[in-house]
Each structure stands twice: as structure tokens, then as C-alpha cells.
Amino acid sequence: MLDADAELIDERIAVTGDLVATVRELMTAAATSELAPEELEAIRGELAVLAARLAERSRPTPLRQHLDLAAIDRVRAGASWPLWRHNPLAIPLDVRVHDGVASADLVPGPLYEGPPGSMHGGLSAAVLDSLLAVLAQVQRRRVVTVGLQVSYRAAIPLGAPVRLVGRIVGTEGRKTTAVGEILLPASGPGQPETVAVSAEALLVEIPGAPD
Ligand SMILES: CCCCC/C=C\C/C=C\C/C=C\C/C=C\CCCC(=O)SCCNC(=O)CCNC(=O)[C@H](O)C(C)(C)COP(=O)(O)OP(=O)(O)OC[C@H]1O[C@@H](n2cnc3c(N)ncnc32)[C@H](O)[C@@H]1OP(=O)(O)O
């Protein structure tokens with residue numbers, strides 16, 4: 001690949017990431033705005049114009065940054081992995097892997113609501129699945145999830161920080177078992193974090209290099 005092509009791809013990845021981050025802000029603003037209905041209708045018209053403009057040239061699926069062998073090396077050297085940066089429907093996570101433990105910080109926003117005031121269980125499952133799949137992929141295994149068992153132990157309030165952690169507990173042939181947790185902050189100094197959600201994933205290696 002020519003340097004100029006690589007630069008263009010890097011620029012597209014960066015600019016689309018920023019665009020999608022702004023779209024996420026827009027999604028929250030649209031869902032929660034209490035402006036007058038006429039104003040909402042006017043804004044909808046302006047946004048429809050922008051959506052059509054973006055769609056003038058498009059690809060079939062979202063832009064995706066590849067967690068390929070080179071990116072895996074960077075993550076193993078301490079860089080975080082910006083998971084789901086380019087898909088506004090997914091919850092973005094900056095995943096770090098240190099000493100075999102994957103972690104990410106998250107503040108559940110208003111759009112993550114399931115039961116009133118707390119995070120939707122399917123979304124909790126999705127973020128843990130993503131974290132554990134990345135962790136397996138960082139071991140240079142191209143995997144898909146074939147099973148995910150989730151236990152919901154405490155509600156996750158919206159707007160407050162939580163921490164995701166995950167580690168691999170077993171590998172047998174093509175199969176990797178990994179466990180993860182969503183942790184609520186300690187209530188005070190010296191207090192433990194509370195496990196709000198725990199999950200165990202069974203991941204199976206599929207042919208091909210990680211990408
Ligand atoms: C929107 C998604 C985007 C995904 C993006 C991916 C990467 C992005 C890049 C970097 C970031 C990475 C990840 C983060 C993002 C998201 C990832 C989330 C992960 C997922 O969300 S991924 C989607 C859901 N996932 C599937 O779409 C899998 C469907 N599935 C199959 O494609 C086949 O099932 C396959 C090919 C896996 C195996 O098929 P096969 O024919 O090659 O092999 P076989 O059947 O022999 O299974 C081999 C051994 O696994 C055991 N085994 C199989 N299935 C089992 C089950 N359900 N329970 C218990 N054990 C099971 C067998 O018992 C045997 O075990 P044993 O060897 O001991 O007999």
C-alpha cells in the first residue's frame with residue numbers, strides 16, 4: 001500500500017470516529033430533548049438533509065478498525081483498543097489488556113436504560129461479550145462466541161462510572177473460556193467494588209488470521 005493511501009485510510013478512520021462520536025451525542029440529545037415540538041420538527045428536517053448528504057457515497061457496513069496482528073502487538077505493548085468506535089449503535093470501549101486481564105471504563109448513558117434508571121441487561125451482556133472476545137483475539141486467536149452465560153447481581157445505575165474486567169480461565173483446542181465482570185465502584189475507602197454483572201463466555205477459534 002502506498003504511504004498516501006495509508007494516510008488517507010488513517011484520516012478516514014480518525015474523522016469517521018469523531019463523526020460517529022458526535023452522532024452518539026446527537027442520539028442522546030434527540031431522545032432526551034425537551035425543546036418545543038415545532039423546534040424538534042425543524043431540527044429533524046435539517047438532520048434529514050445531513051443524513052442524505054452522508055449517504056451520497058457509502059459502504060455496505062460500518063467502517064471497522066482491524067484488530068489484526070499489528071494492532072494486537074500494539075495492544076500487547078500497552079495501547080488501548082478503541083472497540084466499536086465507528087458503530088453508533090454499539091457501546092464504545094477503550095479496552096486495555098495488561099498481564100492477561102482486559103479492562104475498560106464505562107459511564108452508562110441515558111440511552112443504555114433498561115429498567116428505569118438502570119442499564120439494560122442485554123447491553124451489559126454485549127459489552128462483556130465484546131471485552132472477552134477482544135481479550136481472546138489479543139491472544140492472537142480469531143474467535144467467535146458460541147455461548148455466553150450472564151448473571152445479573154445488582155442494578156447498574158445510569159450516569160455513574162463502572163469498570164469492566166475480564167480474563168481467560170481455560171483453553172482447550174479451539175475453545176477458550178473467559179470470565180468477565182461489571183463492577184460498581186466501592187462505596188468508600190477500603191470497601192470492595194460490587195460485582196453487578198458476571199459472565200462466562202465460550203469462544204471458538206475460526207480459520208484465518210485475526211482481523
Ligand atoms: C456485530 C459483530 C461484529 C464482530 C466483529 C468481530 C471482530 C471485530 C474485531 C475486533 C474485535 C473483536 C471482538 C469484539 C467484538 C464483538 C465480538 C463479539 C463476538 C460475537 O458475538 S461472535 C457472533 C456470534 N457467534 C456466532 O455467530 C458463532 C456461530 N457459530 C459458528 O459459526 C460455529 O458454531 C463455529 C464456527 C463457531 C464452530 O463450528 P465448526 O463446525 O467450525 O466447529 P464445531 O461445531 O465442531 O465446534 C468446535 C468446538 O466448539 C464446540 N461448540 C460449538 N458451538 C458450541 C456451543 N454453542 N456451545 C458449546 N460448545 C460449542 C463444539 O462442541 C466443538 O468442541 P469439541 O472440539 O470439544 O468437540
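Remember, it's a predicted structure, so these values are computed and weren't measured experimentally. (Residues numbered from 1 in each chain as written. Predicted model: local features only at pLDDT ≥ 70, side-chain atom pairs only at ≥ 80, totals over all residues. Heavy atoms only, no water.)

Structural notes on the domain arrangement of the protein chain
Assigned domains within the protein chain: domain 1 (3–54) and domain 2 (69–205). Each of domain 1 and domain 2 has a C-alpha centre, and the two are 27 Å apart. Counting residues at the interface gives 11 residues for domain 1 and 9 residues for domain 2. At the boundary of domain 1 with domain 2, total buried surface from both sides reaches about 820 Å², with 68% on carbon and sulfur atoms. Taken together, domain 1 and domain 2 are joined by 0 salt bridges. Between domain 1 and domain 2 we count 4 residue pairs in polar contact (both at pLDDT 80 or more) in total. (Domains from an automatic or database assignment. Contact = heavy atoms within 4.5 Å. Buried area = accessible area lost by both parts, 1.4 Å probe. Salt bridge = Lys/Arg side-chain N within 4 Å of Asp/Glu carboxyl O. Polar contact = N/O pair within 3.5 Å; in protein donor to acceptor, adjacent residues only side chain to side chain.)

As for the site of the ligand
Neighbouring the ligand are 17 residues; R64, D129, T145, R174 and K175 lie closest to it. Within the backbone of V146, a nitrogen or oxygen atom sits 3.1 Å from a nitrogen atom of the ligand. Within the side chain of R174, an N or O atom sits 2.8 Å from an oxygen atom of the ligand. Protein chains shield 46% of the accessible area of the ligand, which is 1300 Å² for the free molecule. Put simply, the parts of the chain that give the shell around the ligand at least two residues each are α4 (121–138), β4 (143–152) and β7 (194–205). By residue number, the principal contributor to the shell around the ligand is α4, which donates 5 residues. Each residue belonging to the shell around the ligand can be placed in one class, and the counts come to 10 nonpolar, 3 polar and 4 charged. (Near = heavy atom within 4 Å. Areas by Shrake-Rupley, 256 points an atom, 1.4 Å probe, with all protein chains shown as cover. Helix = DSSP H or I, 4+ residues; strand = E, 2+ residues; numbered from the N terminus. Nonpolar A, V, L, I, M, F, W, Y, C, P; charged D, E, K, R; others polar.)

Observations concerning the sheet that holds β4
Strand order in the open sheet formed by 7 strands is β1-β2-β3-β5-β6-β7-β4, and the pairing between neighbours is antiparallel. Single-partner strands in this sheet number two, and they are β1 (81–83) and β4. Between one strand axis and the next, the sheet turns through 25 degrees on average, direction left out of account. Across 3 bridges, the pairing between strand β2 (residues 93–98) and strand β3 (residues 101–106) is antiparallel. Residue pairing across strands places H98 opposite V101, the latter belonging to β3. With respect to the sheet, α4 is in contact with β1, β2, β3, β4, β5 (162–172), β6 (175–184) and β7, its orientation differing from that of β5 by roughly 50 degrees. (Pairing = 2+ DSSP bridges. Axes fitted to C-alpha atoms, helices over the stretch in contact; angles between N-to-C directions.)

A short note on the pattern of salt bridges
Overall, the coordinates contain 6 salt bridges when judged by the stated rule. Between R44 and E41 there is a salt bridge, with the nearest N and O atoms lying 3.1 Å from each other. Pair noted here: R44 and E41 are both in helix α2 (residues 37–54), with a separation of 3 residues, about one helical turn. By relative accessible area, which is 49% here, R44 ends up partly exposed. For the salt bridge of D73 with R140, the shortest nitrogen-to-oxygen distance reads 3.1 Å. Taken as a pair, D73 in helix α3 (residues 69–76) and R140 in the loop between α4 and β4 lie far apart in primary sequence, 67 residues in all. On the accessibility criterion, D73 (40% relative accessible area) is partly exposed. (Buried < 20%, exposed > 50% of the residue type's maximum accessible area, 1.4 Å probe, protein only.)

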